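A structural walkthrough
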Amino acid sequence: MDGLLTDLYELTMAAGYFETGKADEKATFELAFRRLPPKRNFLLFAGLPQAVDYLLNLRFTGEEIDYLRGLPQFRHVSSGFFDYLRAFRFTGDLFAMPEGTPVFPGEPVLTVRAPVIEAQIPETWLLSSVSFETMIATKAARMVEAAQGRAVVEFGTRRAHTPEAGVLGARAAYLAGCAGTSNTLAGFRFGIPVMGTAAHSWVMSFACENEAFRKLQKVLGEGTIQLLDTYDTIDGARRAAALGRPLRGVRIDSGDFLELSHKVREILDAAGLTDVTIMASGDLDEYRVQELVAAGAPIDSFGVGTQLATSGDAPTTSATYKLVELDISGIKRFTAKYSDEKPSYPGAKQVFRAPHRDVIARSGECGQGEALLRPVILGGQLIEPLPTLEQARERAAKAVSELSPALRKLETVEPWTVIHSRELRELIERTRHNLLG
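Residues numbered from 1 in each chain as written. Predicted model: local features only at pLDDT ≥ 70, side-chain atom pairs only at ≥ 80, totals over all residues. Heavy atoms only, no water.

Counting its regular elements, the chain contains 16 helices and 19 strands. In the form shown here, the chain has an accessible surface area of approximately 19,900 Å², with 52% of it arising from carbon and sulfur atoms. Computed over 49 positive and 55 negative side-chain charges, the separation of the two mean positions in the chain equals 1 Å. (Helix = DSSP H or I, 4+ residues; strand = E, 2+ residues; numbered from the N terminus. Areas by Shrake-Rupley, 256 points an atom, 1.4 Å probe, with all protein chains shown as cover. Lys, Arg positive; Asp, Glu negative; His and termini not counted. Charge placed at Lys NZ, Arg CZ, Asp CG, Glu CD.)

Okay, the packing of helix H2 (residues 48-57) against helix H6 (residues 123-147) next. A pair of packed helices can be characterised by two numbers: the angle between their axes and the separation between those axes. It is at 9 Å that the axes of H2 and H6 come closest, and there the two elements cross at 165°. It follows that H2 is roughly antiparallel to H6 by the angle criterion. Pair H2 / H6 crosses with right-handed handedness. Contact residues: Gln50, Ala51 and Tyr54 in H2; Trp125, Leu126, Ser129, Val130 and Glu133 in H6. A class-by-class count of the residues in the contact of H2 with H6 yields five nonpolar, two polar and one charged. (Axes fitted to C-alpha atoms, helices over the stretch in contact; angles between N-to-C directions. Parallel < 35°, antiparallel > 145°, perpendicular 65-115°, else oblique. Left-handed = near helix turned anticlockwise from the far one by under 90°. Contact = heavy atoms within 4.5 Å. Nonpolar A, V, L, I, M, F, W, Y, C, P; charged D, E, K, R; others polar.)

On to the packing of aromatic side chains, then. On inspection of all chains with the given rule, the structure shows 12 aromatic pairs. When the centroid spacing of 4.4 Å and the interplanar angle of 10° are considered together, the rings of Tyr54 and Trp125 count as stacked. Linking Tyr54 in helix H2 with Trp125 in helix H6, this pair joins segments that are 71 residues apart in sequence. Judged by relative accessible area, which is 15%, Trp125 ranks as buried. (Phe/Tyr/Trp six-rings, centres within 6.5 Å; stacked < 30°, edge-to-face > 60°. Buried < 20%, exposed > 50% of the residue type's maximum accessible area, 1.4 Å probe, protein only.)

The next subject is the sheet that holds strand E1 (residues 26-33). Taken in spatial order, the seven strands of this open sheet run E13-E12-E1-E5-E3-E17-E18, and their pairing is antiparallel. At either end of the open sheet lies a strand with only one pairing partner, and these are strand E13 (331-334) and strand E18 (381-382). Two strands pair when backbone bridges link them, and strand E3 (residues 93-96) and strand E17 (residues 374-378) are joined in this way by three bridges, in the antiparallel orientation. Looking at E17, one finds that Ala96 is bridged to Arg374. (Pairing = 2+ DSSP bridges.)

Pairing between sheet strands relies on hydrogen bonds along the backbone, with the strands arranged either parallel or antiparallel. Spatially, six strands are ordered E7-E6-E11-E10-E9-E8 in an open sheet, and the strand pairing comes out parallel. Of all strands in the sheet, those with a lone pairing partner are strand E7 (180-181) and strand E8 (225-227), marking the two edges. Bridging between E8 and strand E9 (residues 249-252) involves three bridges; their strand directions are parallel. Along E9, the bridge assignment pairs Gln226 with Val250. Against the sheet, helix H12 (residues 257-270) touches E9 and strand E10 (277-281), its axis set at about 160° to E10.

The full count for this structure, using the stated rule, is 28 salt bridges. The salt bridge involving Arg171 is made with Glu133; its shortest N-O contact spans 3.5 Å. Within this pair, whereas Arg171 is found in helix H7 (residues 163-175), its partner Glu133 is found in helix H6, the two being separated by 38 residues in sequence. Across this residue pair, the class does not change: Arg171 and Glu133 are buried. Across the pair Arg265 and Asp300 runs a salt bridge, and its minimum N-O distance is 4.0 Å. On the criterion of sequence distance, the pair formed by Arg265 in helix H12 and Asp300 in the loop between helix H13 (286-294) and strand E11 (301-304) is long-range, its members being 35 residues apart. Its relative accessible area of 14% is what places Arg265 among the buried residues. Overall, Asp300 belongs to the partly exposed group, its relative accessible area being 34%. (Salt bridge = Lys/Arg side-chain N within 4 Å of Asp/Glu carboxyl O.)

Bringing the packing of helix H1 (residues 8-19) against helix H4 (residues 79-86) into the picture now. In contact at an axis separation of 10 Å, H1 and H4 are set at 115° when each is read in the N-to-C sense. Seen along the crossing, H1 lies across H4 with a hand that is right-handed. Of H4, the residues touching H1 (which contributes Leu11, Ala14, Ala15, Phe18 and Glu19) are Gly80, Phe81 and Tyr84. Of the residues assigned to the contact of H1 with H4, the class counts are six nonpolar, one polar and one charged.

Tracing the backbone through its elements, the reader meets Asp93 in strand E3. Given the relative accessible area of 9%, Asp93 is considered buried. Within polar-contact distance, the side chain of Asp93 engages the backbone nitrogen of Gly379 at 2.8 Å. Beyond its immediate chain neighbours, meaning those up to four positions away, Asp93 contacts Thr111, Val112, Arg113, Ile377, Leu378 and Gly379. (Polar contact = N/O pair within 3.5 Å; in protein donor to acceptor, adjacent residues only side chain to side chain.)

This next bit is on unusual backbone geometry. Of note, the bond from Arg245 into Pro246 is cis; its omega dihedral lies within 30 degrees of zero at 5°. Its identity as a non-glycine residue notwithstanding, Gln148 has a phi of 50°, on the positive side. Structurally, the position occupied by Gln148 is in the loop between H6 and strand E6 (151-154). One non-glycine residue, Ser311, adopts positive backbone phi at about 45°. Checked against the element boundaries, Ser311 lands in the loop between helix H14 (306-309) and strand E12 (319-328). By relative accessible area, Ser311 is classed as buried at 1%.

Here the focus is the pairing of E17. Walk down a regular strand and you will see the side chains alternate between the two sheet faces. Bridging between E17 and E18 involves two bridges; their strand directions are antiparallel. The partner of Leu378 across the bridge, within E18, is Gln381. Between E17 and the antiparallel strand that follows it, E18, lie two residues; Gly379 among them carries a positive phi value of about 60°.

Owing to its 3.6 residues per turn, the α-helix aligns residues three or four sequence positions apart on the same side. For H7, which comprises 13 residues, the first-to-last C-alpha distance of 19 Å matches the rise-based estimate of 18 Å (1.5 Å per residue) to within 8%. All of the buried residues in H7 are Ala165, Gly166, Val167, Leu168, Gly169, Ala170, Arg171, Ala172, Ala173, Tyr174 and Leu175. (Expected span 1.5 Å × (residues − 1).)

Right, let's talk about the side chain of Glu30 for a bit. Residue position: Glu30 is located in strand E1. At a separation of 2.8 Å, a polar atom in the side chain of Glu30 contacts the side chain of Lys349. Beyond its immediate chain neighbours, meaning those up to four positions away, Glu30 contacts Pro108, Leu110, Thr111, Thr320, Tyr321, Lys322, Val324, Gly347, Ala348 and Lys349.

Here's what the structure looks like:
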């Protein structure tokens, strides 16, 4: 795994820790979300397998180390630091919530405990990866909720910010309940159902629409989904119906979806094609999906691209990765940040989920409800295989369904209650007194 895929200051701090004799100090960092994005009542945690793979395979090549040696920032750094990087391995611990867990502001979703350099360098990568997949999974959960049982298919790779973002976004969307993806590599890599037949260019490449439809049926047989709106949606529906089977479905990619879907359904039913499905795609978001479902549009599935692959209305999260304690030769020193609007709280923590609230407690406390942070890596070794994507998907579906109906709404409601335990509150005040006098 590319050790240089990080911010420079992670590596300058690593050099500083090494040069000042702090490399053996054991640090605990926590990754959490400071606040919820607009119109979100929860976030759906995703990206754990990628985080685990990164930590277990983080390495620095000789070429990368030579590059660092040549940077002016490392001019005064001893050769011992570069020898350290050459042998670098993650030997620490990772605790995490299970993928597919709804989370709320201030709750750690990952805890990294390792020698300080090993814990510091991963900050940039973990923030980027976990934040992105969680953001997309959350958006997908909203789409699935809005569809009310109709299938949502992820179509967004061509709009994603990189091709690899399209792959990981497809994974996150499937985790959150999407029925499949158009991304073939995501299907190959993660076993996600892949869906799609032909685009407008297929229709335009033939002399007439009828020929394009007929040739597509010959190629795809019973898997054929005809795209109706290249020229005129209603005419396209009539041609598809006249050709008849094999025909799995039709897709409408533009226009008034409510009106067109009713007319297309009438045409298909009149031809005896009552089992042929209708998909709508094209600039859809959860609000438009919700409107169509509420209006009774006879649409069986929704293909969602741009808004899902970029989380268009909330394309960032306020993820943080903060140092909360240090173990220096067996003596713990608690750390916290007290800057305005960006505080962090001291000590390793646990999150307990009860029916009506979450409690953020100190690690090692006993609490009521489910303890969400669980050991994943200990001593640099994965302790057991991670759940499969299908298992994580099942967990996500169950966990979201158990949220109150209000929290599943598309608009912001009264927030879920999250409190600190008495022991954590005492530690916060004691640490504040020690640091600020």
